[in-house]
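Coordinate analysis (summary)
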Amino acid sequence: MDKRPIGIFDSGVGGLTVLRQVEKLLPKEDIIYFGDTARVPYGNKSRDTIIKFTTQSILFLLRKKVKMIIIACNTSSSLALDSLKIAFSLPIIGVIESGVRKALESSTNNKIAVIGTKSTILSRSYQKEIRKVNKNVKVYVQSCPLFVPLAEEGLLRGKIVEATIKMYLKKIKDKKPGAVILGCTHYPLLKKPIADYLAGVDIIDSAQQVALQAKALLQNKSLLSQRGGNKEFYVSDEPAGFIKLAKLFLKREISGPKVVNV
Ligand code: DGL
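A brief structural summary. Nothing here was measured: the structure is a model prediction, and the numbers come from that model. (Residues numbered from 1 in each chain as written. Predicted model: local features only at pLDDT ≥ 70, side-chain atom pairs only at ≥ 80, totals over all residues. Heavy atoms only, no water.)

1. What to know about the packing of aromatic side chains
Which entries qualify depends on this criterion: Only rings of Phe, Tyr and Trp enter the pairing, Trp through its six-membered ring, and a pair is recorded when the two centres are within 6.5 Å. The plane angle decides the type: under 30 degrees is stacked, over 60 is edge-to-face, the rest tilted. Secondary structure elements follow DSSP: runs of H or I no shorter than four residues count as helices, runs of E no shorter than two count as strands, and numbering proceeds from the N terminus. Exposure categories follow from relative accessible area, calculated using a 1.4 Å probe and restricted to protein chains: below 20% of the type maximum is buried, above 50% is exposed, and the middle band is partly exposed. A ring has a charge above it when a Lys NZ or an Arg CZ is no more than 6 Å from the ring centre and no more than 35 degrees off the ring normal.
Here the structure, examined in full by the defined rule, presents ten aromatic pairs. On the numbers, 6.1 Å between centres and 40° between planes, the contact of Phe-9 with Tyr-42 is tilted. Separated by 33 residues along the polypeptide, Phe-9 in strand β1 (residues 6-10) and Tyr-42 in the loop between β2 (31-35) and α2 (47-63) bring together distant segments of the chain. Of the two residues examined, Phe-9 and Tyr-42, each falls in the buried class. Ring geometry for Phe-147 versus Tyr-187: centroids 5.1 Å apart, planes at 80°, classification edge-to-face. Taken together, the residues Phe-147 in helix α8 (residues 147-152) and Tyr-187 in the loop between β7 (179-183) and α10 (191-197) connect sequence positions 40 residues apart. Grouping residues by exposure puts Phe-147 and Tyr-187 together as buried. Lys-173 extends its terminal NZ or CZ atom over the ring of Tyr-197, reaching a point 4.4 Å from the ring centre.

Here it is as structure tokens:
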């Protein structure tokens, strides 16, 4: 039994989709969430900048004495996770591996599509992870930069959403993949219209998968907590926007995120 909290990091508010799944699966764990709201979005930034910002954020969580860290941000998972694993000794997991594992199980035709931010797609992180396991899988990728602002505006259905989904996903739909990985924290909010458009394709939500991976890891290392469940939220910019969006991403109110300078 280990009562230290789990740290969850995201570039902003989107990682609350991961926190939501983690708290469902691990209700007795304390969680410290840090969203780098002053510097979001990461999805169109360079590798060096993403590594620098992510490392500073991880150092903040380490000062909070967390027992493991989940990198909820797909962009950070794609570009910074490898360096973080070398630099720090505590368990750190990202969202790529678990999403890929599930997609490989789900796709029955050896075709997988991945959608994400520009930096995630450019990094080829998902292709590399898929190839590690199965070289015969065809991977189709598409960056969908407008999905993040749509989700943050609460525009989750209707004509604008449908037109944007069609614009980005038409080519992918034509390839008839067996599974599509939602490779960005915000995309689970658009899961329904994406699933409707891609009719019949398995939609893989990395948030659910990484929560399962976190639970398995804590179990294996005997780090599970028997009581707790407190959540603390930290952000790097004024919290009003975060509190408002938290309702959308977490489906409940949160109280008092604290502002920190990392
Ligand atoms: N959290 C980012 C991701 O999952 C999306 C928002 C951003 O671009 O920072 O890739």
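2. Overview of the site of the ligand
Our working rule: For this purpose, a residue is taken to be near a molecule or strand whenever a single non-hydrogen atom of the residue falls within 4 Å of it. Polar contacts, as used here, are pairs of N or O atoms within 3.5 Å; protein pairs need one atom able to donate a hydrogen and one able to accept it. Residues neighboring in sequence count only if both atoms are side-chain atoms. Here the Shrake-Rupley method, with its probe set to 1.4 Å, supplies the accessible areas, and only the displayed protein chains count as covering residues. Using a 1 Å grid laid over the protein atoms alone, points where a 1.4 Å probe fits but cannot get out form a cavity; open sets with protein on both sides within 12 Å along at least 5 of 7 lines form a pocket; any residue with an atom within 4 Å of a point counts as lining. Being in a pocket or cavity means that more than half of the molecule's atoms lie within 2 Å of its grid points. Under the scheme applied here, ten amino acids are nonpolar (Ala, Val, Leu, Ile, Met, Phe, Trp, Tyr, Cys and Pro), four are charged (Asp, Glu, Lys and Arg), and all others, including Gly, are polar.
Inspection of the region around the ligand gives 13 residues, with Ser-11, Tyr-42, Gly-43, Thr-75 and Thr-185 positioned closest. Contact between the ligand and Ser-11: an oxygen atom at 2.6 Å from a side-chain N or O atom of the residue. In this structure, Thr-185 approaches the ligand through a side-chain N or O atom, which is 2.9 Å from a nitrogen atom. Protein chains bury 98% of the 290 Å² of accessible surface belonging to the ligand in isolation. The pocket occupied by the ligand, as judged from atoms lying within 2 Å of grid points, is the second largest pocket. Partitioning the shell around the ligand into residue classes produces five nonpolar, seven polar and one charged.

3. Remarks on the pairing of strand β5 (residues 111-116)
The criterion, for reference: We treat two strands as partners when DSSP finds at least two bridges between them.
Of all the six residues making up β5, five are buried; the element is thus mostly covered by neighbouring parts of the structure. Examined bridge by bridge, β5 and strand β6 (residues 138-143) share six bridges and lie parallel to one another. Its bridge partner being in β6, Val-114 is matched across the sheet by Val-141. Bridge analysis of β5 against β7 gives five bridges, and the strand direction is parallel. Residue pairing for β7: Ala-113 is matched across the bridge by Val-180.

4. Some words on empty space enclosed by the protein
To find leftover empty space, a probe the size of one water molecule is rolled over the atoms. As a reminder of what qualifies: Grid points are joined across faces, edges and corners, and a volume is the space filled by probe spheres set on the points.
In total, this model carries one cavity of 30 Å³ or more according to the counting rule given. Computed from the structure, the largest cavity encloses a volume of approximately 50 Å³. In terms of lining, the largest cavity is formed by Thr-17, Val-18, Ala-72, Asn-74, Val-95, Leu-182, Cys-184, Thr-185, Pro-188, Asp-205, Ser-206 and Ala-207. Classifying every residue of the lining of the largest cavity gives seven nonpolar, four polar and one charged.

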